[in-house]
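Analysis of the macromolecular model
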Amino acid sequence: MAIGSKELASIELDTFEDERLVDELKKAKEELFNLRFQSATGQLESHGRLRAVKRDIARIYTVIRERELGIRATPAPVEVAAKADKKTKAKKEAAPAATEAAETEEAN
């Protein structure tokens, strides 16, 4: 995922855990520092990138603050969701076998 792009929408930020949000914030701040340095030395090619990164930083701060206030829900851990998917897959795999056994019993 690139910082300062259309991919970093607030809807996508909702799916990130707090640790990942902090990591993304650090990356964005580093990028902003580098862009400001390039601007000061006259090496910056895309001035619009400064604006995009600043907006991303503000967007991340907003999501973090809304979670602190309880306005925005914190996502469930990814590991729990992965375990739930495994359970549903196991049930789906067991279901066809059960229906075949039931059909065999009805035929006899």
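Heads up: these notes are all about the structure in this document.

About the cut-offs
- Residues numbered from 1 in each chain as written.
- Predicted model: local features only at pLDDT ≥ 70, side-chain atom pairs only at ≥ 80, totals over all residues.
- Heavy atoms only, no water.
- Helix = DSSP H or I, 4+ residues; strand = E, 2+ residues; numbered from the N terminus.
- Buried < 20%, exposed > 50% of the residue type's maximum accessible area, 1.4 Å probe, protein only.
- Contact = heavy atoms within 4.5 Å.
- Areas by Shrake-Rupley, 256 points an atom, 1.4 Å probe, with all protein chains shown as cover.
- Salt bridge = Lys/Arg side-chain N within 4 Å of Asp/Glu carboxyl O.
- Core = buried A, V, L, I, M, F, W, Y, C linked by side-chain atoms within 4.5 Å.

Once that is clear, we can look at the overall build of the protein chain. Broken down by element type, the protein chain carries 4 helices and 0 strands. Here the protein chain holds 108 residues, and 21% of them are scored as buried. For the protein chain, the share of sequence-separated contacts (at least 6 apart) that also reach a separation of at least 24 residues comes to 63%. Just so you have it, the protein chain exposes about 8,200 Å², and 54% of that area is on carbon and sulfur atoms.

This part covers the pattern of salt bridges. A full pass over the atoms with the stated rule returns 8 salt bridges. As a salt-bridge pair, Arg 65 and Glu 68 come within 3.0 Å of each other at their nearest N and O atoms. A residue pair is termed a helical-turn pair when its members lie 3 or 4 positions apart in one helix, as Arg 65 and Glu 68 do in helix H3 (residues 48-69) at 3 residues. A residue is classified by how much of its surface remains accessible, and Glu 68, at 56% relative accessible area, is exposed. Its salt-bridge partner being Arg 72, residue Glu 66 comes within 2.5 Å of it at the nearest N-O pair. Note on accessibility: Glu 66 and Arg 72 belong to one class, buried.

Here Glu 17 lies in the loop between helix H1 (10-14) and helix H2 (18-41). The spacing of Glu 17 and Pro 75 is 58 residues in sequence and 6.3 Å in space, taken between C-alpha atoms.

What follows deals with the nonpolar core. A general trend in soluble globular proteins is that nonpolar side chains are found buried together. Of all hydrophobic cores here, the largest spans 14 residues; its most connected members are Leu 13, Leu 21, Val 53, Ile 57 and Ile 60. Those elements that place two or more of their residues in this core are H2 and H3. Discounting chain neighbours no more than four positions away, the residues touching Leu 21 are Leu 13, Phe 16, Ile 60, Val 63, Ile 64 and Arg 67.

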